[in-house]
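# A closer look at the structure
For reference, the chains in residue letters:
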Amino acid sequence: MGAGVIKDNIGINMIKVAQVILGGIYVLVILFYLGLIVPEYFACVGCDTEGAIGTSIWGDSVQCFGDSKVFGQVLFDLSTMIIVGLSTILYLLFLWRNLIAKNQDRAKNLSKK
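Residues numbered from 1 in each chain as written. Predicted model: local features only at pLDDT ≥ 70, side-chain atom pairs only at ≥ 80, totals over all residues. Heavy atoms only, no water.

## Considerations on the overall build of the protein
Counting secondary structure elements, the protein contains two helices and two strands. Secondary structure elements of the protein occur, N-terminal to C-terminal, as α-β-β-α. Taken over the C-alpha trace, the protein has a radius of gyration of 23 Å; the compact-globule value for 113 residues is 13 Å, which it surpasses by more than 25%. Considered along the principal axes of its C-alpha atoms, the protein spans approximately 75 × 20 × 20 Å. Taking all 113 residues of the protein together, the buried fraction comes to 21%. Taking as baseline every contact in the protein between residues at least 6 positions apart, the subset at least 24 positions apart corresponds to 56%. Approximately 8100 Å² of the protein is accessible, and the part contributed by carbon and sulfur atoms is 69%. (Helix = DSSP H or I, 4+ residues; strand = E, 2+ residues; numbered from the N terminus. Rg over C-alpha atoms; globule rule 2.2 N^0.38 Å. Buried < 20%, exposed > 50% of the residue type's maximum accessible area, 1.4 Å probe, protein only. Contact = heavy atoms within 4.5 Å. Areas by Shrake-Rupley, 256 points an atom, 1.4 Å probe, with all protein chains shown as cover.)

This is the structure in structure tokens:
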């Protein structure tokens, strides 16, 4: 087993650790996003009058006026970008790990011949 293969194994293990850590953070963020942010945002989407109160999918009353509605929009946009960014990073780490594993297999097959 050459030094390159050992280095690649360490690289794959580091990528796996990064995926586990980011995956855990991703799960927590997506639960918060889907459980709190999205229902409150969609409760206020149809409210156009000042002082309107919307109802979320959980049955909670949400005040949909001025600053509250704007803050909800900003929070929704920011959390959506965080979700998209984490999804992209996890996907790229998955592709990178698979690429390294395929290169290792190709190197093993070439060394056997």
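Text resumes after the structure shown.
## Considering a nonpolar patch on the surface
Together, Y91, L92, F94 and L95 make up a nonpolar patch on the protein surface, roughly 400 Å² of accessible area in all. As for its placement among the helices and strands, L95 is situated in helix α2 (residues 66–112). (Patch = residues over 30% accessible without salt bridge, like charges linked within 9 Å, V, L, I, M, F, W, Y side chains within 5 Å. Salt bridge = Lys/Arg side-chain N within 4 Å of Asp/Glu carboxyl O.)

## Topic: the packing of aromatic side chains
Tallying each qualifying case throughout the model produces four aromatic pairs. Aromatic side chains Y41 and F42 sit 5.2 Å apart centroid to centroid with 70° between the ring planes, which places their arrangement in the edge-to-face category. Where F42 meets F76, the ring centres are 6.1 Å apart and the plane angle is 70°; that geometry is what we call edge-to-face. Here the residue F42 occupies a position in helix α1 (residues 3–44), and F76 occupies one in helix α2, the gap between them amounting to 34 residues. Joined through ring pairs, the aromatic side chains of Y33, Y41, F42 and F76 make up one cluster. (Phe/Tyr/Trp six-rings, centres within 6.5 Å; stacked < 30°, edge-to-face > 60°.)

## Considerations on the confidence of the model for the protein
Summing up the model confidence of the protein, the mean pLDDT is 84 and the portion of residues at 70 or higher is 92%. When pLDDT is averaged over each element of the protein, α2 comes out on top at 86 and strand β2 (residues 61–63) at the bottom at 82. (pLDDT = per-residue confidence, 0-100.)

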